Each structure stands twice: as C-alpha cells, then as structure tokens.
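# Overview (structure and organization)
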Amino acid sequence: MSMDYTSYVNSLCNLMVITSTTTQFQTVLPNIIDYAEQRMYRELDLLNTVVQNSSLTLSANNRNFTLPTNSPNSNFITVQSINVITPAGTVPSSGQRNQLQPVSRDYLDTVWNSLSGAGVPQYFAMIDQFNIIVGPWPNANYNIEVVGTIRPQPLSATNPTTFLTQYLPDAFLSASMIFATGYQRDFGSQSDNPQQGQSWENQYQLLMQSAMAEELRKKFSGPGWTAYSNVANPPTR
C-alpha cells in the first residue's frame, strides 16, 4: 500500500513506539528520511530519477561547460549522455542529435588541446561533479541536451509523496527503521540489542532484491534483456 507523509509518519511512530509530537522524534525525522532516501536512490539507480535538460548551450571557441546548479533537486548526480544539436542554434525538436562519447581528460588534453581543428564536438570528459570539457572545441554556439540522474525533492509535509512512498513504501519504511533503531540505541550501543537493527537490515535487503529486479526490467535489462521477469527457454529434444 502506498503512503503519503502523514501515513509514513504514523507507521514509523508505531514501529518506533513513540508519538509524532515528541520533540526528539521531530528532531531526528529529517535525518531518518534523508538516510532512507539517499541509500535507496544510490542503490537502485531509479529510472524515475533520470531527466533531460535541453536548455543548455556550448559557447563557440570554449571547450568548457558547467552543468546547471540552480536547485539541489535539479543538479545532475550522474551524467548518462550528452547530445550536441546541429545545425548550430537549433533546438533538439528541429535539429539533429550528435551523441558525444565519454573519454578521459588526458585524451582531450592531448588530442584536442587547442582551437586548431574546431568543429562539432564529438567527445566529452568530466572534470569534476559539475564541469565538463569537450573536443573538438566548438566552432559555434551549439545547443546541447544532457541526460542524467538527479536527487528528487525529499519527502516532507510540503512534499507529501515521492516515488519511494508511492511505489516502494515497504522498502522505504524498512530503510527508515534501520536508522531509527540505531538512533534509539545510540548507534554504538546497538550491541545491547543487535538483533533489532539487523532484522530491519535483513528485511530491507530482501525487499531491495525485488525492487532491483523490477528496476532492471524497466530498463529492458532483465532476464534476456527484456522487460519480463522470466524468459522461457525453447524445449530441447
């Protein structure tokens, strides 16, 4: 059953045997949510977190490009692909996508280290989390399209539902309880009752196995590179 912020808080309080109005609970709740969300987003690589940004531009005679950092919930965590749109100045819907190939910075510094041979970029390299270089150096102002993953807006009273609470509520609640039981046992003192935290970890791992399998099916990376959970084998004689 899917959850919203209110039902999540109620379920969490029931499992922690605590009331939602307790000062200590209100203080630790954002940390519980952050732990569960960050862990699941990193481990699952959800298709739901993939976005396209087609409002970006490479400047002529400048191989450097900075990814947008306008909002924490729209910043790219990983870049999956970059497309240069030709002709120059054309938007993706009316131009041609030219997919750049990822290479090392050393390669671009060696092969495309100056304006000589400027043209339509063919390669890109990550410099750091937000900065990229391309090669050849662009000979015009090209629109580009970046595809990658972001961190969605966290669950809160003002953002009462997320993909995790709607489609993976059981795993999200289990991940929350891993942190919550550690908090209640002062983390290092979990040795007083190690079974409690470990039981939630075991439950979380079991739920994540099925979540990962489903996520792979969405990407047609399941059994036999299909979207199906099982692929029949032809009978043998």
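So, here's what we can say about the structure. (Residues numbered from 1 in each chain as written. Predicted model: local features only at pLDDT ≥ 70, side-chain atom pairs only at ≥ 80, totals over all residues. Heavy atoms only, no water.)

In this structure, Tyr-8, Leu-12, Met-40 and Phe-172 are the most contacted members of the largest nonpolar core, which totals 33 residues. Secondary-structure elements contributing two or more residues to this core are helix H1 (5–16), helix H2 (23–44), helix H4 (163–167), helix H5 (169–184) and helix H6 (194–218). The dominant element in this core, judged by the number of residues it contributes, is H2, at 9 residues. Each residue touching Leu-12, except ones within four places of it in the same chain, is listed here: Phe-25, Leu-29, Ile-32, Leu-173, Ser-176 and Met-177. In this structure, Leu-56, Phe-76, Leu-100 and Ile-144 belong to the second largest nonpolar core, which totals 15 residues. (Core = buried A, V, L, I, M, F, W, Y, C linked by side-chain atoms within 4.5 Å. Buried < 20%, exposed > 50% of the residue type's maximum accessible area, 1.4 Å probe, protein only. Helix = DSSP H or I, 4+ residues; strand = E, 2+ residues; numbered from the N terminus. Contact = heavy atoms within 4.5 Å.)

Applying the stated criterion across every chain yields a total of 4 aromatic pairs. Ring plane angle 45 degrees and centroid distance 5.5 Å describe the contact between Tyr-35 and Phe-179, whose orientation is recorded as tilted. Of the two residues, Tyr-35 sits in helix H2 while Phe-179 sits in helix H5, which places them 144 residues apart along the sequence. Assessed through its relative accessible area of 17%, Phe-179 is described here as buried. A ring pair is formed by Tyr-107 and Tyr-123, whose centres lie 5.6 Å apart and whose planes are at 70 degrees; its orientation type is edge-to-face. A residue pair is termed long-range when its members are at least 10 positions apart, and Tyr-107 in helix H3 (residues 105–111) and Tyr-123 in strand S6 (residues 123–126) qualify at 16 residues. (Phe/Tyr/Trp six-rings, centres within 6.5 Å; stacked < 30°, edge-to-face > 60°.)

Glycine aside, the phi torsion of most residues is negative, and most peptide linkages are trans. Note that the residue after Thr-86, namely Pro-87, is joined by a cis bond; omega there is -5 degrees. Here Pro-87 is to be found in the loop between strand S3 (78–86) and strand S4 (96–99). The phi dihedral of Val-17 falls on the positive side, at around 55 degrees, and the residue is not glycine. Along the chain, Val-17 turns up in the loop between H1 and H2. The class for Val-17 is exposed, based on a relative accessible area of 73%. We note that Asp-45 has phi near 50 degrees; this positive angle belongs to a residue other than glycine. By the element assignment, Asp-45 lies in the loop between H2 and strand S1 (50–58).

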